[in-house]
Amino acid sequence: MGIYLLIFMVFLPFYGYMSIIYLVVAGIWFCLNALFWKELLQLQNCITAVLALCMIEMGTWYFDYFNFNQEGVRHTVPFVIGILSTVIRRTVSRMLVVAVSMGFGVVKPIYPKEKIFALGAIYFILVPHTNFLFT
């Protein structure tokens with residue numbers, strides 16, 4: 001094990017365990033989706049997409065921190081992919097929460113796509129700046 005990541009050492013096991021937890025949860029979720037595929041709402045498909053984005057994000061951050069710990073140099077490509085996967089996951093999650101809050105999937109069969117996509121686009125544009133500051 002390298003010694004370069006002493007300050008961020010807590011993140012390496014965290015992202016490793018979270019990757020495993022997301023794989024287990026995704027396996028259970030995908031099996032249940034396969035069993036009840038005729039009764040799924042579009043909302044459950046969006047949740048599946050968020051779960052897949054979570055797996056990509058945790059795996060990316062784990063390998064970024066692992067590589068940083070081994071070599072002592074943070075490579076640009078995994079770092080940017082990690083930031084983008086985090087921002088995309090957060091954006092889709094927030095858009096899903098807004099859609100459910102407006103009644104989509106529960107009360108209304110359709111939803112105002114323009115408003116939700118506009119809020120998602122604004123969030124996607126503004127949030128990467130905060131991630132670069134804190135990562």
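Everything in this summary refers to the structure shown in the same document. (Residues numbered from 1 in each chain as written. Predicted model: local features only at pLDDT ≥ 70, side-chain atom pairs only at ≥ 80, totals over all residues. Heavy atoms only, no water.)

1. Some thoughts on the overall build of the chain
The number of helices and strands found in the chain is 4 helices and 0 strands. Secondary structure elements of the chain occur, N-terminal to C-terminal, as α-α-α-α. Considering the chain as a whole, with its 135 residues, one finds that 33% of them fall into the buried category. Pairs at least 24 residues apart make up 70% of the contacts formed inside the chain by residues separated by at least 6 positions. With the model as given, the accessible surface of the chain reaches about 8900 Å², and the carbon-plus-sulfur share is 76%. (Helix = DSSP H or I, 4+ residues; strand = E, 2+ residues; numbered from the N terminus. Buried < 20%, exposed > 50% of the residue type's maximum accessible area, 1.4 Å probe, protein only. Contact = heavy atoms within 4.5 Å. Areas by Shrake-Rupley, 256 points an atom, 1.4 Å probe, with all protein chains shown as cover.)

2. Focus: the environment of Gly59
Relative to the assigned elements, Gly59 resides in helix α2 (residues 42-71). Residues Gly59 and Tyr22 lie 37 residues apart in sequence; the distance between their C-alpha atoms is 9.7 Å.

3. Considerations on helix α3 (residues 76-101)
In an α-helix, one turn spans 3.6 residues; hence positions three or four apart end up facing the same way. In this model, α3 (26 residues) spans 37 Å end to end at C-alpha, consistent with the 38 Å of a helix rising 1.5 Å per residue. Buried within α3 we find Phe79, Gly82, Ile83, Ser85, Thr86, Val87, Arg89, Thr91, Ser93, Met95, Leu96 and Ala99. Just beyond α3, the residue with positive phi is Gly103, at close to 100°. (Expected span 1.5 Å × (residues − 1).)

4. Remarks on the pattern of salt bridges
Across all of its chains, the model carries 2 salt bridges by this definition. Among the salt bridges present, the one from Arg89 reaches Glu57, with a minimum N-O distance of 2.5 Å. Of this pair, Arg89 sits in helix α3 while Glu57 sits in helix α2, and the two are 32 residues apart along the sequence. Neither residue differs from the other here; Arg89 and Glu57 are each classed as buried. A salt bridge links Arg74 to Asp64; the shortest N-O distance between them is 2.9 Å. Of this pair, Arg74 sits in the loop between α2 and α3 while Asp64 sits in helix α2, placing them 10 residues apart in sequence. By relative accessible area, which is 26% here, Arg74 ends up partly exposed. (Salt bridge = Lys/Arg side-chain N within 4 Å of Asp/Glu carboxyl O.)

5. Some remarks on the packing of aromatic side chains
Ring pairs (aromatic) are described by centroid distance and by the angle formed between their planes. If you walk through the whole model with that rule in mind, you get 4 aromatic pairs. Seen in terms of ring centroids, Tyr62 and Phe63 are 5.3 Å apart; in terms of plane orientation they differ by 75°. Their pairing is edge-to-face. A connected cluster of aromatic rings, assembled from ring pairs, spans Trp61, Tyr65 and Phe79. When the ring centre of Phe68 is taken as origin, the NZ or CZ atom of Arg74, which lies over that ring, is 5.3 Å away. (Phe/Tyr/Trp six-rings, centres within 6.5 Å; stacked < 30°, edge-to-face > 60°. Lys NZ or Arg CZ within 6 Å of the ring centre and 35° of its normal.)

6. A short note on the packing of α2 against α3
Their axes nearest at 9 Å, the elements α2 and α3 cross at an angle of 155°. By the angle between their directions, the pair α2 and α3 is classed as roughly antiparallel. The handedness of the crossing between α2 and α3 comes out as left-handed. Among the residues making up the contact of α2 with α3, the classes are represented as 16 nonpolar, 5 polar and 3 charged. (Axes fitted to C-alpha atoms, helices over the stretch in contact; angles between N-to-C directions. Parallel < 35°, antiparallel > 145°, perpendicular 65-115°, else oblique. Left-handed = near helix turned anticlockwise from the far one by under 90°. Nonpolar A, V, L, I, M, F, W, Y, C, P; charged D, E, K, R; others polar.)

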